[in-house]
Amino acid sequence: MVNTVAVVCGLMILVLLAGMLLAGVPIAVALAVSSICAVLPVLDVGAAVLTGAQRIFSGISVFSLLAIPFFILAGNIMNKGGIAIRLIHFAKLFTGNIPGALAHTNAVANMLFGAISGSGTAAASAMGSIIGPIEEEEGYDRDFSAAANIATAPTGLLIPPSNVMITYSLVSGGTSVAALFMAGYIPGILWGLACMAVIFVFATKKGYRSTKKFSSRERWNVLFQALPCLLMIVIVIGGITRGIFTATEGSVVAVVYSLILSLVFYKSIRLSELPKIFLDSAEMTGIIIFLIGVSGIMSWVMAFTGIPSAVSEAMLRISDNRYVILLIINILLLIIGTFMDMTPACLIFTPIFLPICQALGMHTVHFGIMMIFNLCIGTITPPVGTTLFVGVRVGKTGIEQVIRPLLWYFAAIFAVLMLVSYVPAVSMWLPRLLGYV
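None of these values were measured; they are calculated from a predicted model.

A. Structural view of helix H13 (residues 247–265). Helix length check: H13, at 19 residues, gives a terminal C-alpha distance of 25 Å against a target of 27 Å (1.5 Å per residue), a fit within 8%. Those residues of H13 that fall on the buried side of the exposure criterion are Ala-247, Thr-248, Gly-250, Ser-251, Ala-254, Val-255, Tyr-257, Ser-258, Leu-261 and Ser-262. Those residues of H13 hidden inside the fold are in contact with helix H4 (67–80), helix H5 (83–95), helix H11 (177–206) and helix H12 (216–241). Just beyond H13, the residue with positive phi is Lys-267, at close to 55°.

B. Local environment of unusual backbone geometry. Going from Pro-160 to Pro-161, the amide bond is cis rather than trans, its omega being 0°. Residue position: Pro-161 is located in the loop between helix H9 (155–158) and helix H10 (163–171). A positive phi angle, close to 55°, is found at Lys-267, a residue other than glycine.

C. Fine view of H11. With 30 residues, H11 extends 43 Å between its outermost C-alpha atoms, agreeing within 8% with the 44 Å of an ideal straight helix rising 1.5 Å per residue. The largest bend along H11 reaches roughly 30° and is located at Tyr-185, with the proline Pro-187 sitting one to four residues downstream. N-cap assignment for H11: the residue whose side-chain oxygen lies 3.4 Å from the backbone N of Ala-178 is Ser-176. Looking one or two residues past H11, Gly-207 carries a phi angle of roughly 75°, positive in sign.

D. The arrangement of the nonpolar core in detail. With 150 residues, the main nonpolar core has Phe-353 and Tyr-409 as its most contacted residues. Element by element, the count of residues in this core is highest for H11, at 15 residues. Sequence-distant contacts of Phe-353, defined by excluding residues within four places in its chain, comprise Met-315, Ile-329, Leu-332, Leu-333, Ile-336 and Phe-367.

E. Spotlight on the packing of aromatic side chains. Here the structure, examined in full by the defined rule, presents eight aromatic pairs. Where Phe-202 meets Trp-408, the ring centres are 5.8 Å apart and the plane angle is 55°; that geometry is what we call tilted. Here Trp-408 lies in helix H20 (residues 399–422) and Phe-202 lies in helix H11, a separation of 206 residues in the sequence. On the accessibility criterion, Trp-408 (52% relative accessible area) is exposed. When the ring of Phe-224 is compared with that of Phe-265, the centres are 6.0 Å apart and the planes differ by 50°; the resulting orientation is tilted.

What counts and what doesn't
- Residues numbered from 1 in each chain as written.
- Predicted model: local features only at pLDDT ≥ 70, side-chain atom pairs only at ≥ 80, totals over all residues.
- Heavy atoms only, no water.
- Helix = DSSP H or I, 4+ residues; strand = E, 2+ residues; numbered from the N terminus.
- Expected span 1.5 Å × (residues − 1).
- Buried < 20%, exposed > 50% of the residue type's maximum accessible area, 1.4 Å probe, protein only.
- Contact = heavy atoms within 4.5 Å.
- Bend = angle between axes of the 7 residues up to and from the residue.
- Polar contact = N/O pair within 3.5 Å; in protein donor to acceptor, adjacent residues only side chain to side chain.
- Core = buried A, V, L, I, M, F, W, Y, C linked by side-chain atoms within 4.5 Å.
- Phe/Tyr/Trp six-rings, centres within 6.5 Å; stacked < 30°, edge-to-face > 60°.

Written out as structure tokens, the structure reads:
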């Protein structure tokens, strides 16, 4: 039987949200207003507004959310702390003289830097601005270099620590952050390797090779310079997964470690620069936390009106085949990611799609990685792909020029997405091995 209230409220949310976003209303405001308006047919205005206000405060009064501002701060400190060039030199140790060595270096460095900063946009900006000019000097096509940088930048959103995983943990009802962190490693690395396969094919055709070789002394120096950066991943992720500290405490450890590294060891940041870094981190935190707060209103409206169960029933009527349903959800998430940033998309659509996947026997960790993987693809696709726009800008090219080479990367990434979606072991093997699920 069709839930009429759910259908009416669901349509109202979609229409109002889409209309306000097209009109340029900030997404947090659009979420709150559309959710409150959608519940007015079954509640009076006073009750809807009061309950909405309560949901905002209850949505952000969660201890685990403290990890987000601290990871943002740690990422910003390390972004300004000269980490990028050290990781590029370290990545060169592994790429050697293979075809497209510099583009492969870019890919490996993006995986490392993204894992440290937790930001695909920061990785694309830092790596593209440093390694792009070097590639151009060695005769690499500018569009080829920019496409390789853009395609591999989102890997750091899957390789932990990742703020969107913390957000998903909250909205999915307390999925283990440690399990999500461990589950992201293999999909993130497979994404990077798939892109490196595309780089190899095209670099071989174009004859791109690097002639730079490190001496034994230079190798040891590169390793010495990069080791402190890499130790942050070991200390923070190792501490969280071994139960030495929580994700929130781990984020504070990351801030302290990055400060010591940048101020004392590398001496790449001055004390006078810290207030600006703190301010930028506070602004970014405010945006994300407010989004999480107002998403609590939408979650309450969905639960109150039964929208998720109505969507689940409708999709299961289309087919009861697990593979068909997962394909439909993947397609929908790819479309959603194209038009919406990761955090609001995760907050809005997790309560809708998660119950469907759970009905199919899918683990919440598996679904979370599949969803985040889809939304990561959205960061490098127009019209709102922030990583795409940053990569194009630092690559000194245009979207029209990089889209064609990017299509080959999309094909490789989509193949990995299908593997992640239909082979649970890809994301579940590591957390199960370590006993987190």
